[in-house]
Every structure is written in structure tokens, then in C-alpha cells.
Amino acid sequence: MPHTEESRLANLLRRVSREERRLLTLKQLKEFISHSENKGALVKQMETTLSTLNEVLNESIKLLWEMRQEAAACLGLLCGAISYEAERIFKWLFLKFSGSSRDEVKLLYLIAMQRGLEAAGERKAFTQVMQLVMSSLQSILENLDTPELLCQSVKCILQVARAYPHVFSTNFRDTVDILVGWHIDHTQKQSLTTNVSGQLALSNMFLWHPDYFLLDVVEDNPFTCVCAVGWLQFGAVLGCRPRLLHHLVGAVPGGRMNKIILQKTTTLLKYLRSTVIRPSQCEVYLLSPQDLSHVGSGEAPDEDVSDILNRVLSCVSTARQVLFSEAVLTAGNECVSVLLVSLEPSAQLTEVVLAYGLDQLAACHGCGLDYSLAMLGLLTLIVDQINTRLPVSFVEKQLAPNSQLLELRFHREKEVMAATHGVYQALLSLKNIPTLEAAYKLVLGEMSCGVDSLLAPLEDGPAPSPSTDIQHPAFASVLLPPERAEFTLIFDLGALTTIGNTKNSLIGMWALSPTVFALLSQNLPLVHCELAVHYPAVQNSVLYTLYSHCTRHDHFISASLSTSSPSLFDGAVISTVTTATKKHFSTLLSLLGSLLSKEHLYPEARKLLLTWAQEISLLMKKTDTYAPLFSLNSFHKFCKGVLANALNDEPTVCLQSCNSLQVLSASLSTELLQRCVDVCRVQLVHSMVRVRQAYGKLLRTIPLSVALGNHSHPEMGEISMTIRRHMGRSPSGALHPQDFSDIISFILYGAVHRGGKDPWLERLYHSCQRLEKRAGEAPPPAAGGGVAGGVPRGLLKTEVVLWQWAVWEAAQFTVLSKLRTPLGRAQDTFQTIEAIIRSLAAHSLNPEQQELGAWSGAGGDSEGHHSHQLRLTLLLLQFLENLEKLMYNAYEGCANALTAPPKGIRTFFYTNRQTCQDWLTRIRLALKRVGLLSGQPAVTVRHGFDLMTEIKNSNTQGPELEVPLMMLVEALCELRCPEAIQGLAAWNLCNTGKSLAWLSSVALQAEGRFERAAVEYQEQLTAVTGTDCSILGSERLLKLSSSSGSSRAVSSPKHTGNGEGRKTVLLKSTECSSEVLNFLANKACQCYVALCDWPSVQEWQASVQALKKNSSPTGVHLKMDFNYIQALSHFEDGDFEQCGAQLELLPGEDCSLLSATGAKDKLGNYPPISPPLDTALHTAGRGPLSFWGWHILV
């Protein structure tokens, strides 16, 4: 190709022809053409440009279609850019179009023309060219034979018509004639017909001209269907009203119809519907029903439209009688629907339309989607238009058992089901009460039949029939298959929402019998257990319909307190309706309480009920006017139902229940509040943080008198029984070495499971369940939704149960594997566990100097580093407790509490019995320290008595006996067992011949006599150290003790004139270890704290500091944080500012406070391992297991 100029345009054209990134280059060329300053270059190289772009258009590679379209766009822009050369370019395009033999190339030329016309717009410079363009396009349109070219050419013509309507006016008739011919061609595809219909609708804009009128006669022998279509005649200006000129629908003479004739009839009906009656997708003029209401200069008679409707009905009916054709009926139904909207049918025409509708319904058996949708749309329109004049017989025929409408509900297409539902809704929205009541009774009768069909196979005897109020004679002998019965009930319930959701409806709440509320809450078996288990979707549908109905009426709360005055019920409903709904709220509360208490309930239904309960709770607390409702018996039943779901295994259900209880907590009775406390104690150890937080918030709303009261705890008993039940089972052997490694790694080192933190323990539990191993075992009774592997489902989210299970399984794995674990051989296993225990014990002695090794950085959870350490300590103690039990059971056996292990295991442990006992004896002292460190005195007591037995057998005396005895006494003091301490003192005197005077002081403290105990602790320290340690606070305590009837008065020689009447046993400093001295100093401090004598506590701190300076014992240090003491002192003085300042100095997690007392003081910061400790449980120290706050006897 010759290029005469090396300009930018020339470079672009060269790149297009040389195939160098051609698509991008064409886009750059299009941008170049669109700039007006490049007009000169375009004129100079126009021939070259046209030639290059023509070559691109004529390329035969189909993959370059996008590029060729860009070239066509460039041609179109070129026409608009060079307006004075537009005629030349358009002539060139028409010439190339005529000379091309390929349809795809012709299509591209037409696209270029359209782009050129769009670029030209309405500019006057193109006015003279448009007549040539329109004539050429009309010529092209007359000779086209493909749908694609037709559509594109019409787009070009419509573009001319928009910008130059006066040019298009001379070709209007010819263009429309061609389009109508294509439209009524029954051999064309539906997509083309639809497209042409839209283009015809767009051509309606040109009917604003007053002289245009189209008459088209289509003849076909032997059937003549004359479609004389009068379009419209309008005034000369835009504001004139449209007038209907004439409509004529063809008459059908006698003769045999064939398939082709039916196809043409279908096409003509579609033409009538889409272009004459209601053209679609019209941009300028859309013929609406209002436009058909006038004609000429006066009112248009409805007879014209009625005549059209009659002729369409006659045409379709005649065609159906000769030969059934879905296409004819579908097009006819669409025409009837459009015509029916535009007029008010007379009585005679109404009968014809109703008969036609029923006839169409009867003919729909086995028909396709289009016909079914058109027919159902027609039925819905008939009901809506005729409405109050609709006869009862029409409704009865539609809803009769043999009606095709009932069959269409089971259609495989969702669109048909939705359209059928629309017919039902229209029938149940009638304003004529007798007709509506007839439809309502038929729907209820079908629902009664469905309920009978579902319940019949489930009952051994005769099925309980629904109320006779909803039975109908037409369905008396009908029995539906279960699948159809279930679907029928759900479908009908959805249709009933039309009545139920009409707010303050007289018809829905009074005129119909039974009312919608009575039907859903009483007549239908909503609380039927078998129905809920086998057909939960039905129950859920009934619940949702009732919920929707009650929500629309604010759950009838206002009506429940109203009198005969209508003003209390929104001021809009008569008093009789208010009286009728007065008991609805009480009935609703009873129903919700009954359903929520059911164990077998569909999960979605349960969530719906709890959402419903929360809405009711919020409404009841909205105003004090509703306060009398809290005394209803039904409200008590409602709250019990909500509480029954608080321990559900689904966290969302637990949270929903908690939200309702938080709202109602201030209005609950004492019995319900106690039940809330029981639930909170369990949920505070839930595995989910959100659940723990929610129930902790609920617990804070409960009065302390109830929360701290003594009452039974059934949930605690259930947890204890679950743990005991599992311990009594035979080993499952399902725990794999890798699982044991995960558990023991977490216990010993705080290493998180390889699968992540959150539900790994629960997943591990489920993975270890074996159905075949449980087949022969009877499942225990359990509340909260069944049993999973012996554990109630409601407790599977409780960390107490899960960790008890995991620790027991880990200990059992250790025994069954003969102590060969992933930790190593038997000796390695013992040494690893012992090392961790001794490091914890060393930490209790020197918390600042002794770190916890691997535990120091373990955990990293959001609940606090030291809280995580406490969790591991408790788990370690429980693991050793279980391990000792299982080893004892292996070498000694057990009567009935534990299952005997296999013979090989028993032989191994019997042989190595002494080794195991020696190891236990070696670590008992460390275990006692760890027990005190973690706030588990019962563990210390058990190991202490065992250690005392070993010491007695070895005849150990002196300091070696004093320290173990001191730790045992401290644990007994924590458990408030003064008699046991006195017994230990007697035992010590009997076996060692020495009396330890400080034992009696500890007994006084355990008995609660803190005044005397504090004084005696000071005397003991004075006697041992030789330094007077008494403080002025002792004088106050002695006077208080004397005035309260003490048997003897004791005073300090430092603060009294004489010491007569007192006997003090002085001990030498060498007779008491530094650890015992530290113990006595801290016990004296605890006594003052127990008495809330904050000045004495601070004075005692000063005395201890002086003691450390003036005497040799340097191991005396108080464990109490005195910022805490000063904060309490300022609080009692009313100095809240200083109190807050002192509280800010308190460390959030001080490991030095993890002693027996400090652990309980910091209980609020502990992880969800155990619920708050009950005071009554502390007295049960004689039990061998007090882990998690419960004492479980095994």
C-alpha cells in the first residue's frame, strides 16, 4: 500500500496494515480521528484511510472480530469528523455494502453506518445527506434475508428517525410493513420476533404525526385471518390526548385448521399483544391501559375494547376446539390479560371471562412453562379485576380437590410454583367476605387433610384429627401421600400470610372462623412431638407463619391489657376485636414455653423461637405499663422454656437464650433466678469466649443474695455424674500416641495443639468415639439434647468435661502403654513429669528468682499469661491424680469404681509396684507445694496424709517432719477443719513426743477465731525470734475478745504493765525452720485481713520489716500485696480517689499471689477451668478429688 506522507496518521495506518498490535493501533486511530485538529490530515489521506480500513473489514479471520468492529467504528467516526465529505463516505459505504457477498462484512458496514449516524447527530450539515442515507437504508432493508442484518439495518433507520424524523416520515409505512412481515413470520426464531417487536414499539414515536394510519391485511387460503390494526391517531402537538381509532381482530370462518394456520394465528396474537395493545421497550411512547380509554374528541366507548376482547376469546376458543396448541393459547392468554386491565367488564363479559379462565385452567394438564405462566397470570388478573363480583362457584372450582391449580403447585419449575402461589394470595385477598370465607375454608380443609395424612402413619391407634372447625367436606375422603401432604401444608401456610400479615385486619382477626391466630396456635398440632421429629419443616412453617402474624400485631401485648375501650388498641379497632385478642398474648407465652422445653425441635425452629422470645422480652420491658404481665403463669412457663435452651450444645442458641434472660432478669422470680445462677456456673466454663462473657454479664445482673444462696445445683451434679460415668467405663483404646502427645505437651509445656487453639479438644473428643464399642452399653439419661459417647451434648462445649475426659484418657493411655509414652520409656516418663512438678514447687518457694522454664512464655492467650500457667498447674495435678488411681487399680484392683485393666497390664504394675510407690512418695512434698500454689488445698491434704504415713513408717523427726506438717495444716486451715488440725497436733505429740504450739493457733484460725489466733501467732514469733513482734492492734483484739466472752485474756508484755495470768511457752530459734517462721508471719497477716482491720495489717507489715532487720531470719516475707490493703482502707474511709490510685498499682497478674489465698482473690482473672468455688464444697476435703471445684467420690 502506498503511503505518501510520513505523518502520525500514516504511521498508524502502516502499523494497522503490518499487523503490529493492530487492536491497540486501531483504538489510537479512533482517538486520532475524534480530535478536530486532525481534520486536515484526514482529508489529505482519506482515500488511504478508507482503503486500509476496508482491508481490515474484509479479513476472513474470525478471531479478529473485535478488531474489525474497531475498524468499523473508525469509519463511522470518519463520517462525523469530516462533515463536508460525509456524502462521499456514505456513498462509499453503500457501494461497498452492495458489492460484498459476505454477510459478516455487510454487518460491519452497517455498524459503520450506525456509528456514523450517531456521530452526525442532529447537525444541520448532514440534513441533505440524510435523504440519500434513508433511501439507501430502505433499499437495503427491502432486500435483506438474514435476521442479523435486519436488526442492524433497523438500528440505523431508527437512528435516522430520532435525529431527522421528517426524513423518516416518507419511509415510515414501508419500514413498518417490512417489520410486520418479519414479525408475523412464524418460521422465525422467538428471539428475532421479540427483537422486531421492540423495534416496532420504538416506531410508535412517529405516530405523533396526525396523518399516519396503518392498515395491514394478511390473507392465507383456506383460513383468512384479517388483522386490521388501527394504531392510533394523535393531535398535532405533544399535549393532545391519544384517541383510539379502530381495532379489528380477525374473524375465523368455517374450515379445517392445520398446524401452519395455528402457527400464524399465534404469531398474529403475539403481534397484537406486543405492538398494538402493549408495545414493550418503548423509549418515547408506551401504549398503556390508560391510553386505550378515549377515542376521537370524546369518551371512547368500552364497547370497542370489549369487542376486541370478545373476538380474541372467540378466536382462541375456536382454535382450541379444532386443535390444541400451547402457543396459540399462550398468546391468547397474554392478549386477554392486557385487554382485561383496560376496561371494567360488564356482567355478561364477566361470565365469559370466568368461563374462559376455568377452561384454560382445565386445559393446562401436562403443558409447558410458558402456557402455565400465562394461564396463571390470567387467573390472578381475573381475581384482582373482578374481585368483589367474583362468584363463590369460581373459587370452589379453582380450589377443589380435582382442580388443576392444586397440581400446578407440584410443578418442577419454580416460576410456575410462584405463579400458583400468586393465585392463592389473590383468592385470599378478596374483599367479598362470603367469597373469601369459601376460599379460606377450602384451604383449611386441605390443610386438615394434609395433617391427617402425615399423622396417620405415625400413630399406632387412630390419629388425632385436627379440630372440626378446619375440616371441609370436599376433602373428607382425600388421603395424600406424605411427601405431597408435607408440601401442601407448607404451601398453604405461605398463602395464609396474605391474611395473617394484614395489620389490624378485621377480616383476619374477627370475620373468619377460626381466626388465623386460633388456627395456627390451637387447631394445628404445633406441639406434636412425632410431627416435629419426622416433619420438622411443617412445624417450622407453622411457627414462622404464626411469628409473622404476631409480629405484625406487636405480639398482641397491648391487647392483653386492654379493656372494652378501643383506644388501647391503636385507636383503630372496635372493642369486640380487642376483646377477642385479649388472651392471645397469654396463649402465645404458654405455646412458646412448651415448644422451647421440647428436646426434639428442629434447629431452625429453635432459633426462630428464641428470636421471637427476645423480641417479646424487649417489648415487655419497653414500658412499665406491661408490669402486670410478669405475674402471669404463662410468663413463668415462658421463662422456663428459655432457660431450658441455655445449656444447648449450639453456641448461637445459648447466646440467644442469654440475651432474653438479660433483658428479663430484673423481673424473674427467685426460683428462676436460682436456675439462672446454676446455668451461669456451667456456662462460665464454656469453650467459647463469647458465651462465657455473655453469661458472666447475666450473672452480674442477679442479686448477690440469690447468687450466693445455698440451693441445689442439678447441673453440677450432672457434670459430676458424667465424669464419674466416663471413669467407670472400660478403656476404649481410641487415643492414639499423637493425641496423647498433644494433650501431655499442653499440660507439661503449654504447647498449643498442632491444629490450632479453638475447638481442637472437642474435635479430639469426637475423633476418639467408637460406635461399636458403645453398642452394648445403655446410654445414660441426660438433659440437653441427647448423648454423644456417654457425654450429654449440652456439656460437650464445657471445658470442665472436655479437659476431665482428656486428662483421664491421657492417664489411661500411660497405664495401658506400661508407662512407655511419647515422652520416652517408663523412667523417662516419670522423670519428665517429676521435673515439671519440682520446678513448680521451687517457684512457690522463690517466685521471683525461680522461673517456670518452658511455661514462662507458653500459652499467649488473651486471658492472661499467669492464668494460663494456673490452667496448666491444675491440669497437671488432675493428670497425676488420675495416674495414681489407675496405677493403684492396676496393681491392687478396685471393687467396682474402675474397670480392671488387661492381665498383662496388671502383671506389669504388680511387678513394678514398689517403683511406682517410691516415685509417688518422692514427689508428694512437691505436689503439696503445687497444691497450695494453685489454690487446691484438698490435693495437698490427700498427699499430706499419704506423706505423713510414709514419714511415720520411716521414723522421720525434726525439721523434716515440721515442713510437711506445716503445709498439711495450712491446707486444712483453708478447708476450715480445726478438729483435723487438733488431731494432727495430738498425733505429732504421740509419735514424736514434741508439742508444736503453733498448731493450736492454726486451729483457732480455722475455727474462725481470728483475734486470738493473731495474738498467738505474734507470741510464737516473739518466742522463736526473741524479738517482741506484737503490735498495738493486738490490744484492741484482746479487748474485743475479752468483751465477747473469751475464756482467758492474753496481753502482750510489750504493751502491758505486767504479764501475770499468762503462760507462754518459749521456743529456741533453732527449734523452728525459717519456712515455719514465714508461715506464722503470713498467718497473722491473714487473720487481720479476715477481720478487715487494715491499720493492723499495715502495722504488722512494719513489725515484720523491723523483725527482718533486727533478727537473723531473713526468709520472712509477706505474700500480701499492700497496695490492695491500702486501697481497701481508703475505700472504707470514703477516699475513692486514693483508692483508685492504689488499685492502679496492683499488678494484673502477679505470680506471687498464686498461693492458696491469693488464687481465690484473683478468681475473676482465671481462665474457664472451674466455676466459682462454693463454700460448702470446701468442707468436703475428705473427698479424694476436689479438682475443678467439685469433689467427686470415685
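Being a predicted model, the structure only gives us computed values, none of them experimental. (Residues numbered from 1 in each chain as written. Predicted model: local features only at pLDDT ≥ 70, side-chain atom pairs only at ≥ 80, totals over all residues. Heavy atoms only, no water.)

*Asks:* Go over the nonpolar core with me, naming the residues and quoting the values.
*Replies:* Judged by nonpolar contacts, the single largest core of 191 residues is most densely connected at Trp 612, Met 887 and Phe 909. With 12 residues, helix H40 (residues 799-816) is the single largest residue contributor to this core. Those residues in contact with Met 887 that sit more than four places away from it in its chain are Val 815, Phe 830, Phe 909, Cys 916, Trp 919 and Leu 920. (Core = buried A, V, L, I, M, F, W, Y, C linked by side-chain atoms within 4.5 Å. Buried < 20%, exposed > 50% of the residue type's maximum accessible area, 1.4 Å probe, protein only. Helix = DSSP H or I, 4+ residues; strand = E, 2+ residues; numbered from the N terminus. Contact = heavy atoms within 4.5 Å.)

*Asks:* An account of the packing of aromatic side chains is requested, with residue identities and associated values reported.
*Replies:* Summed over all chains, the structure comprises 18 aromatic pairs. A centroid spacing of 5.1 Å and a plane angle of 20° characterise the contact between Phe 746 and Trp 803, whose relative ring orientation is stacked. Taken together, the residues span a long stretch of sequence, with Phe 746 in helix H37 (residues 737-749) and Trp 803 in helix H40 at a distance of 57 residues. For the pair shown, Phe 746 and Trp 803 are each scored as buried. (Phe/Tyr/Trp six-rings, centres within 6.5 Å; stacked < 30°, edge-to-face > 60°.)

*Asks:* Help me get a handle on the pattern of salt bridges, residues and values and all.
*Replies:* Counted according to the given criterion, the structure contains 18 salt bridges. Across the pair Arg 68 and Glu 104 runs a salt bridge whose closest N-O atoms are separated by 3.0 Å. One end of the pair, Arg 68, is in helix H5 (residues 65-81); the other, Glu 104, is in helix H7 (residues 103-120), and 36 residues separate them in sequence. The exposure class assigned to Glu 104 is partly exposed, which follows from its relative accessible area of 25%. Of the charged contacts, one joins Glu 884 and Arg 942 as a salt bridge, the two residues approaching to 3.0 Å between their closest N and O atoms. (Salt bridge = Lys/Arg side-chain N within 4 Å of Asp/Glu carboxyl O.)

*Asks:* Tell me what's going on with helix H24 (residues 516-523), and back it up with residues and numbers.
*Replies:* In terms of residue burial, H24 counts as a mostly covered element, since seven of its eight residues are buried. Restricting attention to buried positions, one finds in H24 the residues Val 516, Phe 517, Ala 518, Leu 519, Leu 520, Ser 521 and Asn 523.

*Asks:* Could you give an account of a negative patch on the surface, with specific residues and numbers?
*Replies:* On the surface, Glu 1132, Asp 1133, Asp 1135 and Glu 1137 cluster together into a patch of negative charge. Among the secondary structure elements, Glu 1137 is positioned in helix H54 (residues 1136-1144). The exposure class of Glu 1137 is exposed, given its relative accessible area of 66%. (Patch = residues over 30% accessible without salt bridge, like charges linked within 9 Å, V, L, I, M, F, W, Y side chains within 5 Å. Areas by Shrake-Rupley, 256 points an atom, 1.4 Å probe, with all protein chains shown as cover. Lys, Arg positive; Asp, Glu negative; His and termini not counted. Charge placed at Lys NZ, Arg CZ, Asp CG, Glu CD.)

*Asks:* Describe unusual backbone geometry, naming the residues involved and giving the relevant values.
*Replies:* Following Ser 513, the chain continues into Pro 514 via a peptide bond in cis, with omega recorded as -5°. In this fold, Pro 514 is placed in the loop between helix H23 (506-511) and H24. If you check the backbone angles, Asn 387 has positive phi at about 45° while not being a glycine. Following the sequence through the fold, Asn 387 ends up in the loop between helix H17 (369-386) and helix H18 (392-398). In this structure Asn 387 comes out as buried when scored by relative accessible area, which is 16%.

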